[in-house]
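Coordinate inspection notes
As a plain string of letters, each chain reads:
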Amino acid sequence: MLLVGTLLCVGEPAEAGTLERVHDAGLLRCGVTASGRGLSTMDQSGRWEGFYTDMCRALAAAVAGGADRVDFVEVTSANRFDVLRRGEVDVVMGATTWTQQRDTTLGVNFPVVYLYDGQSFMAHRSSGIASLMDLAKLAARTTVSVCVVEHTTSMRNLEAWLAQTGTPLATKRTRSSDGALSAFFNHHCDLITNDRIGLYGKRLDDAPNGDGYVVFPEVISKEPLGPMVRADDKRWFDIVRWVVLATVLAEEKRITAANAEAMKASDDAEVRKLLGGRPGFGSGLGLDDAWGWRVITQVGNYGEIYDRHLGKGSALGIERGPNALWINGGLLYAPPLGE
C-alpha cells in the first residue's frame, strides 16, 4: 500500500492546510449523518455503510493512500456546520443541500453535487394519501399534520410550499431526524417530509412494516446534495471536487473497479491520465498521479457506488433519474481533464 508520505508531489508545494493534516495523521476525518439505509448508516458490526460513506472512502483513497483510512465522525443537522468550521472534521459527506445562503454566509463551501434529490412526503398507507393531490383533498376536509426537522432546508421548503399552495397542514417540528421518525411511526403526525431518497432508506430501516408506508412520487423542491468543506482552503476544495468528478468520469469512460488495471493501456488519453498513466495528473492537487486509480479500484466509479447502495444492486432499487450520466439523460457531467 502506498505510504502517505509519498502522496505529495515533487515540485510546487501544497498550501498548508487540510491536506497536510490528513498526511500527518494518515487518516481522513469524515463527518457523516445517520441518514438511513443506502445513504449512511452503521451496520451491526459497527461499520458505516452507504453512498455518503463510500464518498468518504473515495476521498481517503485519494489523499490518505487507502479507502480504509477514514475516521467517521457522526454529526447532526444542528451541529454539522459548527463541527466543520471548528476543524473537528475535514469534510462533511451527507444530505446537506447546497444553497446560496449557506455557501456565502456560513464559512463553508460546496465543491460539487453528488446527488440530485428533491423534498417529498411519506404517509401512512392506511391514511389513503399517496400523492400531493390526495393530500390537498384530505387537508381540505380535516386536519393533517406533518413532522419536519427544525433548522433544515426541509423546514424552510415546507414553509414556502405551504405559503405558496395554501395547503392547511399542521406543522410539528422536531429537533432531530430520529425524533421526527419516532413521532411519525407512532402516529403523532400523519406525514413526514425530508429528501425523497432519504425517505426510502428510513422506510426500509426504521418502519415497523415497510409496506405500511408510501413515499409520494412528487417533490416540492430542488435538493442539490454535496460534500461540504471549510471556506478557507482552496486546494482542499479542489481535491474534494475532483475526487467526486473522477468517479463520474470513470463511469462515462466505462472504467470499473474490476477493469481499471487493464484500462491503463487504453487508447483514450483521458483514461490513461485518470488512471495515473500520464505524469502530472496529481500535481495541481498536491497528490501523486495514482490517486484516481486508487479511488476507482478501491471504491468504484459513480455508477458502481450508486447501484451498490441506492440503485439496482441495493434493497432500495431507486432509479437513477437525474443522477444518471448526461449521456443517459441525467444531470451528472464531469468536465474534461485537459492537457
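This section reports on the structure supplied with the text. (Residues numbered from 1 in each chain as written. Predicted model: local features only at pLDDT ≥ 70, side-chain atom pairs only at ≥ 80, totals over all residues. Heavy atoms only, no water.)

**Here we look at the overall build of the chain**
Within the chain, the secondary structure is distributed over 13 helices and 14 strands. In terms of overall size, the chain behaves like a compact globule, its C-alpha atoms giving a radius of gyration of 21 Å where 339 residues would be expected to give roughly 20 Å. Principal-axis analysis of the C-alpha atoms gives the chain an extent of 70 × 40 × 40 Å. Here the chain, with 339 residues, has 53% of them falling under the buried criterion. Put simply, 71% of the contacts in the chain that link residues at least 6 apart link residues at least 24 apart. A total of about 14,600 Å² of accessible surface is found on the chain, and carbon and sulfur atoms cover 51% of it. Side-chain charges of the chain comprise 35 positive and 41 negative groups, with the mean position of each set lying 3 Å from the other. (Helix = DSSP H or I, 4+ residues; strand = E, 2+ residues; numbered from the N terminus. Rg over C-alpha atoms; globule rule 2.2 N^0.38 Å. Buried < 20%, exposed > 50% of the residue type's maximum accessible area, 1.4 Å probe, protein only. Contact = heavy atoms within 4.5 Å. Areas by Shrake-Rupley, 256 points an atom, 1.4 Å probe, with all protein chains shown as cover. Lys, Arg positive; Asp, Glu negative; His and termini not counted. Charge placed at Lys NZ, Arg CZ, Asp CG, Glu CD.)

**Looking at the pattern of salt bridges**
One pass over the full model with this rule turns up 16 salt bridges. Two residues, arginine 21 and aspartate 90, come together in a salt bridge whose shortest N-O distance is 2.7 Å. Of this pair, arginine 21 sits in helix α1 (residues 18-25) while aspartate 90 sits in the loop between α3 (80-85) and β5 (91-92), and the two are 69 residues apart along the sequence. For the salt bridge of aspartate 268 with lysine 253, the shortest nitrogen-to-oxygen distance reads 2.9 Å. Of the two residues, aspartate 268 sits in the loop between α10 (260-263) and α11 (269-274) while lysine 253 sits in the loop between α9 (234-252) and α10, which places them 15 residues apart along the sequence. What makes aspartate 268 partly exposed here is its relative accessible area of 27%. Here lysine 253 falls in the partly exposed class, since its relative accessible area comes to 21%. (Salt bridge = Lys/Arg side-chain N within 4 Å of Asp/Glu carboxyl O.)

**As for the environment of asparagine 79**
As for its position among the elements, asparagine 79 is in the loop between β4 (70-74) and α3. Measuring from C-alpha to C-alpha, the distance between asparagine 79 and glycine 317 comes to 31 Å, with 238 residues separating the pair along the chain. Within the local environment of asparagine 79, its side chain forms a polar contact with the backbone nitrogen of threonine 76, the two atoms lying 2.8 Å apart. (Polar contact = N/O pair within 3.5 Å; in protein donor to acceptor, adjacent residues only side chain to side chain.)

**A short note on the nonpolar core**
Within soluble globular proteins, side chains that are nonpolar generally end up buried alongside one another. Core analysis: the biggest nonpolar cluster contains 77 residues, and Leu59, Val63, Leu115 and Trp236 have the highest contact counts within it. Formed by 19 residues, the second largest nonpolar core is a distinct cluster that contains Ile129, Leu135, Val146 and Ile220. (Core = buried A, V, L, I, M, F, W, Y, C linked by side-chain atoms within 4.5 Å.)

**A look at the sheet that holds strand β12 (residues 213-215)**
The 5 strands lie next to each other as β10-β9-β11-β8-β12, forming an open sheet whose pairing is mixed. Both edges of this open sheet fall to β10 (169-174) and β12, since each of them pairs with a single strand only. The mean inter-strand angle of the sheet, taken between neighbouring strand axes irrespective of direction, is 30°. Pairing analysis gives 6 bridges linking strand β9 (residues 144-149) to β10, with the strands arranged parallel. By the bridge assignment, cysteine 147 is partnered in β10 with lysine 172. The sheet contacts of helix α8 (residues 196-206) involve β8 (119-124), β11 (191-195) and β12, and relative to β11 the element is tilted by about 125°. (Pairing = 2+ DSSP bridges. Axes fitted to C-alpha atoms, helices over the stretch in contact; angles between N-to-C directions.)

**What to know about the state of the cysteines**
Counted by the stated rule, this structure contains 2 disulfides. Each sulfur in the disulfide pair cysteine 30 and cysteine 56 lies 2.0 Å from the other. Its S-S torsion of approximately -65° makes the covalent link between cysteine 30 and cysteine 56 left-handed. Residue cysteine 30 is found in strand β1 (residues 28-32), and its partner cysteine 56 is found in helix α2 (residues 51-63); the two are separated by 26 residues along the sequence. Across the disulfide from cysteine 147 sits cysteine 189; the S-S distance is 2.1 Å. Taking the torsion about the S-S bond as the criterion, the cysteine 147 to cysteine 189 disulfide, at about -110°, is left-handed. One end of the pair, cysteine 147, is in strand β9; the other, cysteine 189, is in the loop between α7 (177-185) and β11, and 42 residues separate them in sequence. On the basis of relative accessibility, which here comes to 1%, the residue cysteine 147 falls in the buried class. With a relative accessible area of 1%, cysteine 189 lands in the buried category. Sequence-ordered numbering of the bonded cysteines in the chain yields a pairing of 1-2, 3-4. (Disulfide = S-S within 2.5 Å.)

**Description of the packing of aromatic side chains**
Geometrically, a pair of aromatic rings is defined through the distance of the ring centres and the angle of the planes. All told, the structure shown has 13 aromatic pairs when counted by the stated rule. Between phenylalanine 51 and tyrosine 302 the ring centres are 5.7 Å apart and the planes differ by 75°, which places this aromatic pair in the edge-to-face class. Of the two residues, phenylalanine 51 sits in helix α2 while tyrosine 302 sits in helix α13 (residues 302-309), which places them 251 residues apart along the sequence. On the numbers, 4.9 Å between centres and 10° between planes, the contact of phenylalanine 281 with tryptophan 291 is stacked. (Phe/Tyr/Trp six-rings, centres within 6.5 Å; stacked < 30°, edge-to-face > 60°.)

**A closer look at unusual backbone geometry**
Trans peptide bonds make up the majority, and among non-glycine residues the majority have a negative phi. Here histidine 151, not a glycine, exhibits a phi torsion of approximately 65°, which is positive. Notably, histidine 187 is not glycine yet its phi reads approximately 65°, a positive angle. Here histidine 187 shows up in the loop between α7 and β11. We classify histidine 187 as exposed; its relative accessible area is 54%.

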